[in-house]
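Survey of secondary and tertiary structure
This is what each chain is made of:
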Amino acid sequence: MKQSKNLSFLMSDFSEQSKITFFDTGISAGFPSPADDFKESRISLDKELIKNPDATFFARVSGESMIGAGLEDNDLLIIDRSLEPTHNRIAVCYLDGEFTVKRLKVDGNCVWLQPENPNYKPIKITEESDFLIWGIVTNVIKAV
């Protein structure tokens, strides 16, 4: 595990893919549906959430700059380093010696790291910035 002030990076162990019971029906958020309407099968979260295992990493969020995007302190991010960074994607970036997670805003030749919390200001990337887009966030796993 690699530790940064803002993110803790983790690798997945793909050697043993666990399969969890999956009820192949929608879960009603309104009136309950009859229990005999579901079909039970097995699901692998690795297969569902990870498209490029060799380029996939996990990191824990530290902080509140992305709460508007649903990324909260201690959430687990799934990051794919093989995806193309484009406008409006949420990215893990290395900026001036620190890792951070922000939404990419691309305006012509200008790149901004946009937080999703009004208490934080956007960060303009300049030629003087030590900057690298490390990977694209594809999923978030959170406790409820």
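Residues numbered from 1 in each chain as written. Predicted model: local features only at pLDDT ≥ 70, side-chain atom pairs only at ≥ 80, totals over all residues. Heavy atoms only, no water.

**Regarding the overall build of the chain**
- Broken down by element type, the chain carries one helix and 11 strands.
- Reading the secondary structure of the chain in the N-to-C direction produces β-β-β-β-α-β-β-β-β-β-β-β.
- Within the span of the chain, comprising 144 residues, buried residues form 31% of the whole.
- A sequence separation of at least 24 residues applies to 57% of the contacts in the chain between residues at least 6 apart.
- Counting only carbon and sulfur atoms, one obtains 51% of the accessible surface of the chain, whose full area is about 9,500 Å². (Helix = DSSP H or I, 4+ residues; strand = E, 2+ residues; numbered from the N terminus. Buried < 20%, exposed > 50% of the residue type's maximum accessible area, 1.4 Å probe, protein only. Contact = heavy atoms within 4.5 Å. Areas by Shrake-Rupley, 256 points an atom, 1.4 Å probe, with all protein chains shown as cover.)

**As for the packing of aromatic side chains**
- According to the stated counting rule, one finds three aromatic pairs in the structure shown.
- Taken together, a centroid distance of 5.1 Å and an interplanar angle of 65 degrees make the contact between Tyr94 and Phe99 edge-to-face.
- The class of Tyr94 is partly exposed, set by a relative accessible area of 27%. (Phe/Tyr/Trp six-rings, centres within 6.5 Å; stacked < 30°, edge-to-face > 60°.)

**Brief notes about the pattern of salt bridges**
- Applying the stated criterion to the full structure yields three salt bridges.
- Taking the shortest distance from any N to any O, the salt bridge between Lys142 and Glu72 comes out at 3.5 Å. Within this pair, whereas Lys142 is found in the segment after strand S11 (131-141), its partner Glu72 is found in the loop between strand S5 (56-61) and strand S6 (76-80), the two being separated by 70 residues in sequence.
- For Lys142, a relative accessible area of 35% puts it in the partly exposed group.
- Judged by its relative accessible area of 40%, Glu72 is partly exposed.
- One salt-bridge network, in which partners are shared between bridges, spans Glu72, Asp75 and Lys142. (Salt bridge = Lys/Arg side-chain N within 4 Å of Asp/Glu carboxyl O.)

**Here's the deal with the nonpolar core**
- Grouped together as the largest cluster of nonpolar side chains are 14 residues, with contacts concentrated most on Phe9, Leu77, Ile79, Val92, Val101, Trp134 and Val137.
- When residues of this core are traced back to their parent elements, those giving at least two are S5, S6, strand S7 (90-95), strand S8 (98-107) and S11.
- Examining the composition of this core, we find that three residues originate from one element, S5, more than from any other.
- Non-local contacts of Val101, meaning those with residues more than four positions away in its chain, are made with Ser65, Met66, Leu71, Leu77, Ile90, Ala91, Val92 and Val137.
- By size, the runner-up hydrophobic cluster in this structure holds seven residues, among which are Ala91, Leu95, Leu104 and Ile136. (Core = buried A, V, L, I, M, F, W, Y, C linked by side-chain atoms within 4.5 Å.)

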